[in-house]
Every structure is written in structure tokens, then in C-alpha cells.
Amino acid sequence: MRNLIKVLAGTAIVLALGALAGCSDFDEMKSRRLQQQAQSLIKEGNQAAGEELLARLAERYPDSQAAAEARTYLLQQANLRGQKLRQEYAPLVDSYTQVLDGFRALFGRYPATVAELDSGGYIFDSDYLVEITPPGFELYLCLTGDAQGFRLWGVRKDAMLGFSVSGGLPLELVKPEHLLIQLEGFETLDKKGPLTLLRRKS
């Protein structure tokens, strides 16, 4: 009788392990199917839907090999998009930086107010900044009146990430909702087309 109990217990353990393995294999099979569907969408040019499906796959079957591959792919795509946006934003940031650095080179300091920038003693004023802003952008500029010189934020209307930059420091990519949080400490002085001129809240 004792031997029979041992056999039955051993059989139950084997069956349980087999059930768990089968469950894992089933998850792997379902995750691979989702991965194939996502890859088909991406090949057809529907990148957003494909990536959304990969994200769902990674969330639903986090321990599967397909999920690991999906996370790697999504990270690579996010990095590529970030590099592309940096390359797109950099010339605009450089143009604004050159205008404000030019003012400092001429007068020995950065403009402390928009009125100073537009005083007539410097031809590259706020209207010029509006002219050099490409279509589809929304920019926010604060002249800080200190060694930093300025803060500049911006976003292209159809982009997933905007940017923030202080003085001549490298630009930082930010999500639009985080950009709005950063702007909470400022108030609007004026709006000229795509350019909103700000000052710090007192």
C-alpha cells in the first residue's frame, strides 16, 4: 500500500510538471504567433500597430523568448527615433543659440528681456526667430538674464518627443507631457506665430 502511494505521488508530480511545461510551451506558441502578426504589420508599413502588438505581447507573456525579442526591438526603435529627432531638432536649436550668442558677443551679455532683444540695436530680433522656425513646430523661449542666457523648449506637432535646452548645453528629449510640466513655472509674455515668449513666474 505504501509503495502504491509513492507511485501515485510520483505520478502526480510528473503530471503536474508536465502540465506546467505544457502551459509554458503554449504561452511560447501564442507569443510567437503574436510576434509574427506584429512583424507582418511592420512589413506592410503599419509600424505603430506592429509596435503596439509587440508591447502587448511583452506585457502578456513577459517570460517568453518572443517577449524578450519584442522588448529589444522596441528599445532599438525608440533609440533610432530619438537619434532622428535629435538630428532634426539640432539645427533649430543651433540657430536660436547663435542668435542669442551673437547678442552677447555684441553687448557683452545675454538679453534679459524680449524688449532688449527687440530694441533695434540688434537685427536678429524675436521676429527673426519666428522666421527661422520651420513649419509644424511649437517653441517656448525664456530669456533668463543670467549667465545661462536662455531656456528653450519645443516640439514638432506630430512627434512623440519634444526637446528642452538650457543655454548652450546639449538638448534633452522630453515627452510632451513632461515638457508641459517644465513650463508650469513660467508665464506667457507674448506669442508670435509658433514662438511663445515666457518669463519665470514671480
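As shown above, the structure is provided for reference.
Report on the accompanying structure. These numbers come from a predicted model, not from an experiment.

### Notes on the overall build of the protein
- Within the protein one finds six helices and six strands.
- Tracing the protein from N to C terminus, the helices and strands come up as α-α-α-α-α-β-β-β-β-α-β-β.
- Counting every position in the protein, which comprises 202 residues, the buried fraction comes to 33%.
- Within the protein, contacts between residues separated by at least 24 positions form 45% of all contacts whose residues are at least 6 apart in sequence.
- Accessible surface for the protein amounts to roughly 12,400 Å². Of this, 57% is attributable to carbon and sulfur atoms.

### Digging into helix α3 (residues 65-107)
- Here α3 contains 43 residues, and its C-alpha end-to-end distance of 61 Å stays within 8% of the 63 Å for a straight helix at 1.5 Å per residue.
- At Tyr 89, α3 shows its largest bend, some 30 degrees, and a proline, Pro 91, comes one to four positions later.
- Two residues or fewer past α3, Gly 108 is found with a positive phi of approximately 80 degrees.

### Details of the side chain of Thr 97
- Tracing the backbone through its elements, the reader meets Thr 97 in helix α3.
- For Thr 97, a relative accessible area of 13% puts it in the buried group.
- A polar contact is formed between the side chain of Thr 97 and the backbone oxygen of Val 93, at a distance of 2.8 Å.
- Apart from residues lying up to four places away in sequence, Thr 97 is in contact with Phe 150 and Gly 167.

### As for the packing of aromatic side chains
- Tallied over the entire structure, the rule returns eight aromatic pairs.
- Ring geometry for Tyr 89 versus Phe 137: centroids 5.8 Å apart, planes at 75 degrees, classification edge-to-face. You can see Tyr 89 sitting in helix α3 and its partner Phe 137 sitting in strand β1 (residues 137-143), a full 48 residues away along the chain. Across the pair, Phe 137 and Tyr 89 agree in class, each one buried.
- Judged by centre distance (5.5 Å) and plane angle (90 degrees), the rings of Phe 103 and Tyr 122 are edge-to-face.

### Here's the deal with the pattern of salt bridges
- Across all of its chains, the model carries eleven salt bridges by this definition.
- Notably, a salt bridge pairs Lys 192 with Asp 127, separated by 3.2 Å at the nearest N-O pair. Of this pair, Lys 192 sits in strand β5 (residues 186-192) while Asp 127 is found in helix α5 (residues 126-131), placing the two residues 65 residues apart along the sequence.
- On the accessibility criterion, Asp 127 (41% relative accessible area) is partly exposed.
- Arg 199 is the partner of Glu 187 in a salt bridge, and the nearest nitrogen-oxygen pair spans 2.7 Å. In this pair, Glu 187 sits in strand β5 while Arg 199 sits in strand β6 (residues 195-200), placing the two residues twelve residues apart along the sequence.
- Since its relative accessible area comes to 44%, Arg 199 is described here as partly exposed.
- Where salt bridges share partners, they join Glu 28, Arg 32 and Glu 69 into one cluster.

### Section: the layout of surface pockets
- In this structure, the largest pocket occupies an estimated 270 Å³ of space.
- What lines the largest pocket is simply Ala 78, Arg 81, Gly 82, Lys 84, Leu 85, Glu 88, Arg 156, Ala 159, Met 160, Leu 161 and Lys 175.
- Broken down by element, the lining of the largest pocket gets its largest block of residues, six residues, from α3.
- Its residues placed into classes, the lining of the largest pocket shows five nonpolar, one polar and five charged.

So, how was this worked out
- Just so you know, the residues in each chain are numbered from 1, in the order the chain's sequence is written.
- Whole-chain, interface and lining totals are the exception, using all residues; otherwise, since this is a predicted model, local features are given only for residues with pLDDT of at least 70 and side-chain atom pairs are given and counted only at 80 or more.
- The side-chain values count all of the structure's non-hydrogen atoms but skip hydrogen atoms and water molecules.
- A run of DSSP states H or I qualifies as a helix once it reaches four residues; a run of E qualifies as a strand once it reaches two. Both are numbered from the N-terminal end.
- Here's how the labels work: a residue is buried when its accessible area is under 20% of the maximum for its type, exposed when over 50%, partly exposed in between, all with a 1.4 Å probe on protein chains only.
- What makes two residues a contact is simply this: any of their non-hydrogen atoms within 4.5 Å.
- Exposure was quantified through the Shrake-Rupley algorithm and a 1.4 Å probe, taking into account, for residues, occlusion by the shown protein chains and nothing else.
- Helix span, expected: 1.5 Å multiplied by one less than the number of residues in the helix.
- The quantity called bend is, for any residue, the angle between two axes fitted respectively to the seven residues ending at it and the seven beginning at it.
- Polar contacts, as used here, are pairs of N or O atoms within 3.5 Å; protein pairs need one atom able to donate a hydrogen and one able to accept it. Residues neighboring in sequence count only if both atoms are side-chain atoms.
- Only the six-membered ring of Trp is used, alongside the rings of Phe and Tyr, when aromatic pairs are assigned; centres must lie within 6.5 Å, and planes under 30 degrees apart are stacked while those over 60 apart are edge-to-face, with the rest tilted.
- Salt bridges are counted wherever a side-chain nitrogen of Lys or Arg sits within 4 Å of a carboxyl oxygen of Asp or Glu.
- Site definitions follow a grid-based scheme: protein atoms alone, a 1 Å grid, a 1.4 Å probe that fits but cannot get out for cavities, and for pockets an open set with protein on both sides within 12 Å along at least five of seven lines, plus lining residues having an atom within 4 Å of a point.
- Grid points are joined across faces, edges and corners, and a volume is the space filled by probe spheres set on the points.
- In the scheme used here, Gly and all other residues not listed as nonpolar or charged are polar, with Ala, Val, Leu, Ile, Met, Phe, Trp, Tyr, Cys and Pro taken as nonpolar and Asp, Glu, Lys and Arg as charged.

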